[in-house]
Amino acid sequence: MKVLVIGGDGFCGWPTSLHLSSLGHDVIIIDNFSRRRIDEDLNVQSLTPICELSERVDTWFELTGRVIRFVELDIAENYDEFADLIKNEAPDSVVHFAEQRAAPYSMKNATTKNYTISNNICGTHNILNAIVESTLDIHLVHLGTMGVYGYGHEEPIPIPEGYLDIKIDTTDGREISDSIVYPPNPGSIYHMTKTMDAQMFQYYAKNDRLRITDLHQGIVWGTQTNLTSMDDRLINRFDYDGDYGTVLNRFLMQATVGVPLTVHGTGGQTRAFIHISDTCQCIAQALSHPPVSGARPMILNQMAETQTLADLAKQVQSMTDCKISYLPNPRNEAERNDLNVRNDLLRSFGWEPTLIKDCLLTEITEITERYRDRIDTEKIPCVSCWTERQELAETTS
Ligand code: NAD
Ligand code: USQ
């Protein structure tokens, strides 16, 4: 099938583009390279030296004979150009990665809050609008987040795949059953944009009968896949800085370079995790199993396992003998929560999750050792705060 991968130069988008191309799909990447510019603005860089997208796709062609085309375009700012591209290319599917995805960056200041809202909401709406305007039957696969469910429960309540079965008492004394979107409970401006995306998906599936799959993805860890490892010029991004670095990759990098692991608060927070190779596989599965036109959006929980941060830190410590720092939490989040997530649908498509305990350190240690000269330890502290309490930023810097 012909697939537009929007945001295909990013951490999840690049390996997914290669995976889809290797499966024989005709892949076209759209990206505005905003992420590379944010790195420059923050004065940070990927731990791994990533090539320009033109060199990446040329290398892929040189190694495999497969063509990945790309278009530089801001989908949030250039509706007409984007809508023309959709009409002219007539893709079977669109995979949408193109959002500002860091919660700490979204909470940094008024400018980054505004940017996150306008980029993510306008971008998603432009895609939906352009698909409707094209009159084509295009399946949209969106990367959402586990964070739309929130992390407020201490009880072991199962998190369903997007929809909650409920009973309601009618005014004439009967009890009826219904299934509603799980109540959203975002924990940052970034996560809030994902809940707003989800609302737009409900509307467009109902009003315009668009076929939409929303993947509620957990925290992605790892860097390389078997395809990005084929050549150094295909290497994937690895963020370790306090805004874009995610927790497990940061812990593994910190352990390798001898910096104490930065656990926020008690580490009682439970989060969902998935390896980058599994991200690629799940997206391919989602593309192969679209909902029918007229159905509500299909919601899949794209996560392999849940862990508390304290347990993760201890696992890393047991393998490396590193130190652990329990720091004041710059975020406004529950100190502890339970997270009991159903992922039956993706598993029913044949996906076998990769678990952290089976392959924890090897890949990341090799990558971190190899590029340790590129690490700037001053960029490790998380200094973007959820409140104006400046003293937190000062303690953690
Ligand atoms: P990333 O920042 O590495 O990649 C996003 C890509 O989209 C970048 O290349 C960026 O330049 C591009 N982009 C952003 N806005 C754009 C626009 N308006 N027009 C065109 N291109 C634009 O992020 P990622 O880690 O690859 O995440 C991809 C998606 O997956 C995001 O939507 C994110 O919310 C979701 N997700 C990521 C994780 C994770 O742990 N990384 C977990 C769950 C969900
Ligand atoms: N944390 C630490 N120490 C650190 C960094 C983070 O304890 O050094 C904690 C945070 O306080 C939080 C948890 O680890 O409790 C997760 O933080 P994170 O930065 O790894 O992940 P998060 O902000 O949730 O965002 C990431 C991606 C985002 C995606 C989300 C999936 O950046 O794009 O949507 O994971 S999920 O968390 O399932 O919603």
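Since we're looking at a predicted model, the values are computed, not measured.

Draft legend 1. A look at the packing of helix H4 (residues 79-89) against helix H6 (residues 110-134). Contact geometry for H4 and H6: axes closest at 9 Å, N-to-C directions at 45°. Between H4 and H6, the crossing angle belongs to the class labelled oblique. At the point where H4 passes H6, the crossing takes the right-handed sense. In this structure, H4 contributes Tyr-79, Phe-82, Ala-83, Ile-86 and Lys-87 to the contact, and H6 contributes Asn-126, Ile-127, Asn-129, Ala-130, Glu-133 and Ser-134. Among the residues making up the contact of H4 with H6, the classes are represented as six nonpolar, three polar and two charged.

Draft legend 2. Geometry of the environment of Glu-77. Mapping Glu-77 onto the fold places it in the loop between strand E3 (68-72) and H4. Judged by relative accessible area, Glu-77 falls into the exposed class, the value being 62%. The spatial distance from the C-alpha of Glu-77 to the C-alpha of Val-148 is 25 Å, given a sequence separation of 71 residues.

Draft legend 3. Inspection of the side chain of Thr-228 at higher detail. One can find Thr-228 in the loop between strand E10 (219-221) and helix H8 (247-257). A relative accessible area of 0% places Thr-228 in the buried class. Only 2.7 Å separates the side chain of Thr-228 from the side chain of Gln-224, close enough to count as a polar contact. For Thr-228, the side chain forms a polar contact with the main-chain nitrogen of Thr-225, separated by 2.8 Å. Sequence-distant contacts of Thr-228, that is, excluding residues within four places in its chain, are made with Trp-14, Pro-15, Leu-18, Thr-223, Leu-234, Ile-235 and Asn-236.

Draft legend 4. The site of ligand 2, seen in detail. Thr-145, Tyr-190, Val-247, Thr-262 and His-264 are the nearest of the 23 residues found near ligand 2. A distance of 2.6 Å is found between an oxygen atom of ligand 2 and a side-chain nitrogen or oxygen belonging to Tyr-190. A distance of 3.2 Å separates an oxygen atom of ligand 2 from a polar side-chain atom of His-191. Considering ligand 2 on its own, with 730 Å² of exposed area, one finds that the protein chains cover 96% of that surface. Residue assignment for the shell around ligand 2 shows that the elements contributing at least two residues are helix H7 (189-208), H8 and strand E11 (261-264).

Draft legend 5. Up close: the sheet that holds strand E14 (residues 305-308). Pairing is mixed in the open sheet, where three strands are placed in the order E10-E12-E14. Of all strands in the sheet, those bounded by a partner on one side alone are E10 and E14. The average undirected angle you get between the axes of adjacent strands in this sheet is 45°. Of the pairings in the sheet, the one linking strand E12 (residues 270-275) to E14 comprises four bridges and is antiparallel in character.

Draft legend 6. Looking closely at the state of the cysteines. According to the stated counting rule, one finds zero disulfides in the structure shown. The closest cysteine sulfur to the non-disulfide-bonded Cys-282 is located on Cys-280, 9.3 Å from its own sulfur. On the basis of relative accessible area, Cys-282 is assigned to the buried category, the value being 0%. With no disulfide of its own, Cys-322 lies closest to Cys-382 among cysteine sulfurs, the gap being 16 Å.

Draft legend 7. Examining the sheet that holds strand E5 (residues 139-145) more closely. Read from one edge of the open sheet, seven strands run E3-E2-E1-E4-E5-E9-E13, paired in parallel fashion. Of all the strands in the sheet, the pair left with one neighbour each is E3 and strand E13 (298-302). Each neighbouring strand pair of the sheet contributes to a mean axis angle of 20°, computed without reference to strand direction. Its contacts with the sheet place H4 against strand E1 (2-6), strand E2 (26-31), E3 and strand E4 (93-96), and it is angled at close to 160° to E1.

Draft legend 8. Structural context of the site of ligand 1. Residues in close proximity to ligand 1 total 28 residues, the closest being Cys-12, Asp-31, Asn-119, Tyr-190 and Lys-194. Contact between ligand 1 and Asp-31: an oxygen atom at 2.6 Å from a side-chain N or O atom of the residue. Measuring from a nitrogen atom of ligand 1, one finds a backbone N or O atom of Ile-75 at 3.1 Å. Here ligand 1 loses 97% of its free accessible area of 830 Å² to cover by the protein chains. Of all elements in the fold, only helix H2 (34-42), E5, H7 and E10 reach the threshold of two or more residues within the shell around ligand 1. Its residues assigned to classes, the shell around ligand 1 comprises 12 nonpolar, eight polar and eight charged.

Draft legend 9. Up close: the side chain of His-264. Along the chain, the position of His-264 falls in strand E11. What His-264 contacts, discounting residues up to four positions off in sequence, is Gln-269, Leu-327, Asn-329, Pro-330, Arg-331, Glu-333 and Cys-382.

Draft legend 10. Focus on the UniProt feature "domain: NAD-dependent epimerase/dehydratase" (unreviewed entry) in the protein. Taking the UniProt record as the reference, the feature "domain: NAD-dependent epimerase/dehydratase" (unreviewed entry) is found at residues 3-290. Taken as a whole, residues 3-290 contains 40% helix and 22% strand, while its terminal C-alpha atoms sit 13 Å from one another.

Draft legend 11. Just the environment of Met-192, in detail. Tracing the sequence through the fold places Met-192 in helix H7. For Met-192 and Asp-92, which are 100 residues apart along the polypeptide, the C-alpha to C-alpha distance reads 29 Å. Not counting the four nearest positions on each side in its chain, Met-192 is found in contact with Ile-117 and Pro-186.

Draft legend 12. Spotlight on the pattern of salt bridges. Under the defined criterion, the tally for this structure stands at 21 salt bridges. Note that Glu-99 and Lys-194 form a salt bridge whose closest N and O atoms lie 2.9 Å from each other. Here Glu-99, found in the loop between E4 and helix H5 (103-106), pairs with Lys-194, found in helix H7; they are 95 residues apart in sequence, far enough to count as distant. Given a relative accessible area of 11%, Glu-99 falls into the buried group. Since its relative accessible area comes to 6%, Lys-194 is described here as buried.

The rules behind these values
- Residues numbered from 1 in each chain as written.
- Chains lettered and ligands numbered in written order.
- Predicted model: local features only at pLDDT ≥ 70, side-chain atom pairs only at ≥ 80, totals over all residues.
- Heavy atoms only, no water.
- Axes fitted to C-alpha atoms, helices over the stretch in contact; angles between N-to-C directions.
- Helix = DSSP H or I, 4+ residues; strand = E, 2+ residues; numbered from the N terminus.
- Parallel < 35°, antiparallel > 145°, perpendicular 65-115°, else oblique.
- Left-handed = near helix turned anticlockwise from the far one by under 90°.
- Contact = heavy atoms within 4.5 Å.
- Nonpolar A, V, L, I, M, F, W, Y, C, P; charged D, E, K, R; others polar.
- Buried < 20%, exposed > 50% of the residue type's maximum accessible area, 1.4 Å probe, protein only.
- Polar contact = N/O pair within 3.5 Å; in protein donor to acceptor, adjacent residues only side chain to side chain.
- Near = heavy atom within 4 Å.
- Areas by Shrake-Rupley, 256 points an atom, 1.4 Å probe, with all protein chains shown as cover.
- Pairing = 2+ DSSP bridges.
- Disulfide = S-S within 2.5 Å.
- UniProt positions renumbered as here; feature names shortened; annotations may be inferred.
- Salt bridge = Lys/Arg side-chain N within 4 Å of Asp/Glu carboxyl O.

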